[in-house]
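So the chains spell out like this:
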Amino acid sequence: MIRISTVQLSVIPGNIRANFEQMEREIQNARKQNTDILIFPELCLSGYMIGDLWEQNAFLRECERYGQKIADAAENIIVIFGNIAVDPKKKNNDGRVRKYNAAFAACNGQFLKNDRGLSYTIKTLLPDYRQFDDKRHFTSLPELAAEENQSVSSLLAPFTFTIRQETLRAGIVLCEDSWDENARLSPMEILSEKNIDILFNLSASPFTLEKNDKRHRLFSASLSRLGCPMLYINRRGLENNGKDCYTYDGMTAAYDPKGTLLAEAVPYQAERSCFSFDIAAKKLTAEKEMKPFRGDMLLPALRYGLKEFLSAIHAGRVVIGISGGIDSAVNAALYRSVLPAENLLLVNTPTRFNSETTKNLARRLAENLEAPFVELPIDSFINETVSQIDDLQIPSSSDMKTLHLTGFMKENIQARDRSTRILATLSSAFGGIFTCNANKTELTVGYGTLYGDLSGALAATADLWKHQIYALGRTLNRYFDKNMIPDEIFTVRPSAELSENQDITKGLGDPLIYEYHDFLFRSFIEPWNRITPEEILTWYSENCLEEKLGTPVSIKSIFKTHHDFITDLEKWWNLFAGFAVAKRIQAPPLLAVSRRPYGYDLRESQIAPYYTDTYIHLKNSLLSNG
């Protein structure tokens, strides 16, 4: 019986020394527990999303040095781990030194060789979709095979380990190598044909909603076909690409040869998992009960990501502008779930347009959260700015030109003064950061003020549609076992309260119909084959738009005529594909949880909105027919 331990390490991106120190402690602990094989995740010394650090030769040399330190620490224990492999005799297409994303097996100061005689295995499938950019830095195994006029099968070989007179043949793959449903070759299938006993998947797989369910479906289908058990070892931690902050949930898992999920580690926890493996029976058994996780992952992901982000930037205090609306309330409750009350400062900055209803709700929210609260009216600031700019005369080449502020401009002054004048100053004095409370619906069409409410250190909820914000608020109240967010906040009409046209006491508010626009905007972004006005108008004309979008409301109840529907569609498409792009580029980083967050996942250019010929023809046909 072979004893295998796994560690879903909390990898600190770019900090090789600190990651090694964690690994060294885990090796010592595993040795005391009489572990035969200890497995760490992919790129666990360096981190994964570290940008162009891969272009620093000194960084590469440091990775190699600490890889040897891991081998030296592996006394009488086999340690399998992910690291960079450098081949100084080869160069990449960009002229830089050849690099592979690789997995190593080490014992007693030596790197063990696979059946092909290589001291590491190279990642076969390099993802270059969504946030991934592996091909920018690494060479894949198929590329190497093509260079050397060999097949991938000839280079991809298992490792044979001798443990207490037992022989274990292990196929080692890295993350994407098991997500092979659309790939031209299957690394797991190649290895399964080489008489292996078990597969190990070393991963750095960032969390997104519904991803774990998909992984189980894919892995189970593959393993049942191949008849091979597998251990999946994922990491924990937080990484970012400058715009998107991704959490890693761990969730180490074991599968039997039929593809059945046997065991799964608790997400986001520092799990060391131990398994016994009967080679002859190919039976993998968790030494302690590890029930597959069944639960809502959104709040755990956000809380973990928030804690890791604050820790990474060394921020322990947070200022949050609260309006009495749902977005700021959810953000305040979310931050309160990870910080003590005294480390939050909740701020309400009303003008004459803010109702007593929302001001009272902001106070009640602060009382429920037991956090310090201040109310700072800003009418005087707004009036001063308006008096300085409105009717200002500026010299031109011919005569004096007079500037005039529209109502819309005055609304934006309020939003900017709240953030850059009040919240930014308060956060500095309070010794912390201030938040951006944006949601994904409003970010999609730029319904927020640049340098105003789109400012802040982090947009924790900017990857959530408005209906998800409401659901998260209910989840937070259950988490606290108390209605921290007052019930009335869930029912008051969403409104920026920046003018008389947004007076909630008169039933006025935001121009968005969230029950419809959430689902319309989601179709622009999240499907793998993204939707455009052409498809939307086609579905509308075929009376199947509600079904295609999944919206809970009737389109006909919102739009009485074709003209109304088309006007609304073009209004928001023009904003989404137009100036909102510039706003998103300058918005704060966000916590990524969806299948397509804005930032470096959805890569955008500032170009003009476009309508296809098919759309224009269908539009004209609908309008001409009334």
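The present account deals with the structure reproduced in this document. Note that this is a predicted model, so its numbers are computed, not measured. (Residues numbered from 1 in each chain as written. Predicted model: local features only at pLDDT ≥ 70, side-chain atom pairs only at ≥ 80, totals over all residues. Heavy atoms only, no water.)

### Structural notes on the overall build of the protein chain
Counted only if it meets this: Every helix listed is a DSSP run of H or I at least four residues long, and every strand listed is a run of E at least two residues long, numbered separately from the N terminus. We compute the radius of gyration from the C-alpha atoms alone; for a globule the expected value is 2.2 Å times N to the 0.38, where N is the number of residues. For every residue, the accessible area obtained with a 1.4 Å probe (protein chains only) is divided by the maximum for its type, and the residue is called buried under 20%, exposed over 50%, and partly exposed between those limits. Whether two residues are in contact is decided by their heavy atoms, any of which lying within 4.5 Å being enough. For every accessible area listed, the method is Shrake-Rupley and the probe measures 1.4 Å; residues are considered covered only by the protein chains on display. Positive charges come from Lys and Arg alone, negative charges from Asp and Glu alone, with His and the N- and C-terminal ends not counted. In this description, the location of a charge corresponds to atom NZ of lysine, CZ of arginine, CG of aspartate or CD of glutamate.
For the protein chain, the helix and strand inventory stands at 21 helices and 23 strands. A globule of 626 residues ought to have a C-alpha radius of gyration of about 25 Å, and the protein chain, at 28 Å, matches this closely. With respect to the principal axes defined by its C-alpha atoms, the protein chain has extents near 90 × 60 × 55 Å. By the burial criterion, 57% of the 626 residues in the protein chain qualify as buried. If you take every contact in the protein chain between residues at least 6 apart in sequence, the share linking residues at least 24 apart comes to 72%. When the accessible surface of the protein chain is totalled, it reaches about 26,800 Å², and 48% of it is carbon and sulfur. Distance between charge centres in the protein chain, computed from 71 positive and 78 negative side chains, equals 3 Å.

### Notes on the side chain of Ser-355
Within the element layout of this structure, Ser-355 appears in the loop between β18 (344-348) and α9 (356-369). What Ser-355 contacts, discounting residues up to four positions off in sequence, is Glu-497, Ile-504 and Thr-505.

### Quick word on the pattern of salt bridges
Threshold: We define a salt bridge as a side-chain nitrogen of Lys or Arg found within 4 Å of a carboxyl oxygen belonging to Asp or Glu.
According to the stated counting rule, one finds 34 salt bridges in the structure shown. The salt bridge involving Asp-115 is made with Arg-169; its shortest N-O contact spans 2.5 Å. In this pair, Asp-115 is assigned in the loop between β5 (110-111) and β6 (121-122) and Arg-169 in strand β8 (residues 166-174), connecting sequence segments 54 residues apart. For Arg-352, the salt bridge is made with Glu-500, and the minimal N-O distance between the two is 3.6 Å. Residue Arg-352 is found in the loop between β18 and α9, and its partner Glu-500 is found in the loop between α14 (487-491) and α15 (514-525); the two are separated by 148 residues along the sequence. Here Glu-500 falls in the partly exposed class, since its relative accessible area comes to 48%. Among the charged side chains, a network of salt bridges with common partners joins Lys-90, Arg-98, Glu-147 and Glu-148.

### Comments concerning the sheet that holds strand β11 (residues 236-240)
Two pairing modes exist for strands in a sheet, parallel and antiparallel, and in both the strands are linked by backbone hydrogen bonds. Definition in use: Pairing between two strands requires that DSSP report at least two bridges joining them. Axes, fitted as lines to C-alpha atoms, cover a helix only where it is in contact. Angles between the N-to-C directions of the axes lie from 0 to 180 degrees.
With mixed pairing, the 3 strands of this open sheet are ordered in space as β11-β12-β23. Where the open sheet ends on each side, the last strands, each with one partner, are β11 and β23 (590-592). The average undirected angle you get between the axes of adjacent strands in this sheet is 25°.

### Looking at helix α10 (residues 379-389)
For clarity, the threshold we go by: To be clear, the arc concerns the directions from the helix axis to the C-beta atoms.
Among all positions of α10, only Ile-382, Thr-385 and Val-386 are buried. One face of α10 carries all of its buried residues, which in axial projection span an arc of 100°. Within α10, the exposed residues directed more than 90 degrees away from the buried face are Ser-387 and Gln-388. Turning to α10, the residues buried within the fold contact α11 (407-430). Of the residues trailing α10, Asp-391 is marked for its positive phi of about 65°.

### Side note on the environment of Ala-253
Counting through the fold element by element, Ala-253 comes out in strand β13 (residues 253-255). For the pair formed by Ala-253 and Tyr-447, sequence separation is 194 residues and the distance between their alpha carbons is 42 Å. Residues in contact with Ala-253, not counting those within four places in the same chain, are Met-230, Leu-231, Tyr-232, Leu-261, Ala-263 and Glu-264.

### As for the sheet that holds strand β10 (residues 230-233)
Judged by pairing direction, the sheet is mixed, and its 6 strands sit side by side in the order β7-β8-β9-β10-β13-β14 without closing on themselves. In the strand order of this sheet, the two ends are held by β7 (159-163) and β14 (261-264), each with one partner. Averaged over all pairs of adjacent strands, the angle between their axes in this sheet comes to 25°, without regard to strand direction. Sheet topology note: the β13/β14 ladder contains 3 bridges and is antiparallel. Note on β14: the bridge partner recorded for Ala-253 is Glu-264. The sheet contacts of helix α6 (residues 211-226) involve β9 (198-202), β10, β13 and β14, and relative to β13 the element is tilted by about 30°.

### So, the packing of aromatic side chains
The relative placement of two aromatic rings is captured by the distance of their centres and the angle of their planes. Using the following cut-off: For Phe, Tyr and Trp, where Trp contributes only its six-membered ring, two rings pair if their centres lie within 6.5 Å, and the inter-plane angle classes them as stacked under 30 degrees, edge-to-face over 60, or tilted in between. Note on criteria: charge over ring means Lys NZ or Arg CZ within 6 Å of the ring centre, with the direction from the centre no more than 35 degrees off the ring normal.
Enumeration according to the criterion identifies 26 aromatic pairs in this entry. Ring geometry for Phe-159 against Phe-161: centres 6.0 Å apart, planes inclined by 25°, an arrangement best described as stacked. Judged by centre distance (5.2 Å) and plane angle (80°), the ring pair of Tyr-479 and Phe-480 falls under edge-to-face. Classification of Tyr-479 by relative accessible area gives partly exposed; the value is 40%. Every member of this aromatic cluster is reached through a ring pair, and the members are Phe-81, Tyr-100, Phe-104, Phe-111 and Tyr-120. Above the ring of Tyr-66, the side-chain terminus of Lys-69 is found at 5.3 Å from the ring centroid. Here Arg-235 stacks its cationic end above the ring of Tyr-248, 3.9 Å away from the centre of that ring.

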